[in-house]
Amino acid sequence: MAALTGAPSHTSFVPSVLGRRDFAIIGEIVAPGSRVLDLGCGEGELLAWLAANKRVQARGVEISGAKVQRAIARGVSVYQGDIDQGLADYPDHAFDYVILSQTLQETRHPLRVLREMLRVGRRAIVAFPNFGHWRVRLAHLFTGRAPKTALFPHDWFDSPNIHFLTVRDFEDLANREAWKIERRIFLSGRRTVRLAPNLFAEVAVFLIAN
Amino acid sequence: MTVRTQFVTFDRIALDCGVTLSPVDVAYETYGELNAARSNAILILHAFSGDAHAAGVSAETGKTGWWDNMIGPGKAFDTDKYFVICSNVLGGCMGTTGPSSINPETGCPYAMSFPVITISDMVRLQKMLVDHLGITRLLAVAGGSMGGMQALEWAVAYPQAVASVLPIATTARHSAQQIAFNEVGRQAIMADPDWNGGNYYGKKPPARGLAVARMVGHITYMSDDSMREKFGRRLRNDGFSFNFEIDFEVESYLRYRGAQFVDRFDANSYLYITKAMDYFDLAYGRAPTLAAALERTNARFLVLSFTSDWLYPSYQSLEIVSALRSRNKDVAYCELPSNYGHDAFLVDVAEESELIRGFLASTYKENT
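What you see is a predicted model; the values in this text were computed from it and never measured.

Caption draft 1: Local environment of the overall build of chain A. For chain A, the helix and strand inventory stands at 9 helices and 8 strands. Against the compact-globule benchmark of 17 Å for 210 residues, chain A has a radius of gyration of 17 Å, which places it among compact chains. Referenced to the eigenvectors of the C-alpha coordinate spread, the extents of chain A come out at roughly 50 × 40 × 35 Å. When the 210 residues of chain A are sorted by exposure, 44% land in the buried category. For chain A, long-range pairs separated by at least 24 residues make up 59% of all intrachain contacts whose partners lie at least 6 apart in sequence.

Printed below as a string of structure tokens:
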């Protein structure tokens, strides 16, 4: 799999980048010198890290003006706009990777976003919190309420999450859309999950291509 | 920082209208030091009524530059790091050749015999200045309003000569509304009998017409919010005067600004420069679309607009951004929150400074 992404196979696993495991994994997947678009890039931390350490051409889209300001001040080319509509301007395959980290569950039209990602990018890297985790299931079963866990800490009425997908949901969709899953990485805290990821993964990271 | 305006004269410049203007003077100022590699030069482009005196205190007039809050040691355009250049535009009245300059053929001011100029003529003259200074590639071209139009023109006309472009509170083509306000200003000047077909030099200038033009301009530079905050319905004196003298603070302000403008600006320059803005359409005569016109550039862009700017609204900046993105160009865009209307780029500079500082630092790193 490493050959697919151009990353040398002997690369030791980066445990965390800027304190985030999903960033570390994305940092590993992304080939040096590639063109990267990060959707919902926040203050551009990941992009700045990728630009400095992987010499990527880094671009981002972010809706929050305050975050865009900090990203641009950091030297990252970020466009203030909405992910749901923000990709339309780009030509096909403008990027090697389009990243959507922890934002898929917040988008109004996730399928449209994913298709657009695979139009403007040769590959998409999607990281999302797994709603199928056993703690979420138990919380829902035993409280009889919208589950609140460490991973989903919000009350239902002020949660940014509007879609609740699981590892299995995402793989079903990938199947249906005939996307090639080139890598799948599952995380629980700082550990990598290999067994029953739909039960034990808190965060799933998929590398997909058309 | 005390600065002196410098001058250079070029033999001739060929203009878009077909006329060759000869000779042509350029007034300019520079701040900071050009490095040995000549890779740290930034060209600042002034807005409609600006001049070459962008920063520092003028040795001649004692006045502070029009963007002194942005240009200087440690500021957004950091003169400890960068070599900053600003020149007065062609057609202006602050040292660069314009309608109030003497036509060497007649020994009289050009007045309305001055050729009609365009934004691209202004930029062509700036290129001559930059060449004269021995700079082949600018680290950045930056400007707000009409200065932003020139920055865009630079990107397309001289793609090899600019590493980055900062079009601020601007447009890639003047809209009907923008043309309309300019036309009101021009008509106010030309309706003043003292305008006299443009031949008022050495006589009474069309002060009333020019002042009215400036009053209209000032309204478009502010916002409803900023006017409400600054003036509200506050009266100059107790109670209404029941005549047509000044009642309201806002009237007093506009009259003051109008009268002040007459002392420093030439009415014919007003006509010529507003016309150049109205003609501005980056794609016109070049390419079928704005995106196609921008195809040639490989510069990095930082496009900025301001929420309350209704003269150059954000949708016009987004047109530029969208065109650049469609050609996969490197563009950062942010709409900054401000109540100051179009004036925001000049006065509300805290956030603008942070963005520009970071953008320039990363561009400089990439280009040295």
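Next, the rest of the story.
Caption draft 2: How the structure looks around the overall build of chain B. Counting secondary structure elements, chain B contains 11 helices and 16 strands. Relative to a compact globule of 368 residues, whose C-alpha radius of gyration would be 21 Å, chain B shows 20 Å and is just as compact. Based on the C-alpha atoms only, the size of chain B along its principal axes is roughly 65 × 50 × 45 Å. For chain B, buried positions account for 52% of its 368 residues. Across chain B, the fraction of contacts at a sequence separation of at least 24, relative to all contacts at a separation of at least 6, is 70%.

Caption draft 3: Layout of the domain arrangement of chain B. All names here are of chain B. Here the domain parsing of chain B yields domain 1 (2–174 + 279–366) and domain 2 (178–275). Just the C-alpha atoms count here: the centres of domain 1 and domain 2 sit 26 Å apart. In this assembly, 25 residues from domain 1 lie in contact with 20 residues from domain 2. For the side of domain 1 that touches domain 2, the class distribution of residues is 14 nonpolar, 10 polar and 1 charged.

Caption draft 4: Representation of the interface of chain A and chain B within the structure. Of the residues lining the interface, 15 residues belong to chain A; the matching set on chain B comes to 22 residues. For the side of chain A that touches chain B, the element with the highest residue contribution is helix H4 (residues 65–73) of chain A, accounting for 5 residues. In terms of residue class, the side of chain A that touches chain B is made up of 8 nonpolar, 5 polar and 2 charged.

Caption draft 5: Representation of the nonpolar core. Residues Ile72 of chain A together with Ile42 and Ile44 of chain B are the most contacted members of the largest nonpolar core, which totals 171 residues. Considering every element that reaches this core, the biggest residue donor is helix H2 (residues 146–157) of chain B, with 8 residues. Residues from two domains meet in this core; each of domain 1 (2–174 + 279–366) and domain 2 (178–275) of chain B gives at least three. What Ile72 of chain A contacts, discounting residues up to four positions off in sequence, is Val78 of chain A together with Leu302, Ala332, Cys334, Leu355, Gly358 and Phe359 of chain B.

Caption draft 6: Region of interest: the environment of Val113 of chain A. All names here are of chain A. Along the polypeptide, Val113 turns up in helix H6 (residues 110–120). For the pair Val113 and Leu87, spaced 26 residues apart in sequence, the C-alpha to C-alpha distance is 8.2 Å. When residues no more than four places from it in sequence are discounted, the contact partners of Val113 are Ile83, Asp84, Leu100 and Thr107.

Caption draft 7: Local environment of the confidence of the model for chain B. Residues at a pLDDT of 70 or more form 100% of chain B, whose mean pLDDT is 97. Taken over the whole predicted complex, pTM reads 0.93, whereas the ipTM for its chain interfaces reads 0.87.

Cut-offs and rules
- Residues numbered from 1 in each chain as written.
- Chains lettered and ligands numbered in written order.
- Predicted model: local features only at pLDDT ≥ 70, side-chain atom pairs only at ≥ 80, totals over all residues.
- Helix = DSSP H or I, 4+ residues; strand = E, 2+ residues; numbered from the N terminus.
- Rg over C-alpha atoms; globule rule 2.2 N^0.38 Å.
- Buried ≥ 20, exposed ≤ 12 C-beta atoms within 10 Å, placed from the backbone.
- Contact = placed C-beta atoms within 7 Å.
- Domains from an automatic or database assignment.
- Nonpolar A, V, L, I, M, F, W, Y, C, P; charged D, E, K, R; others polar.
- Core = buried A, V, L, I, M, F, W, Y, C linked by C-beta atoms within 7 Å.
- pLDDT = per-residue confidence, 0-100.

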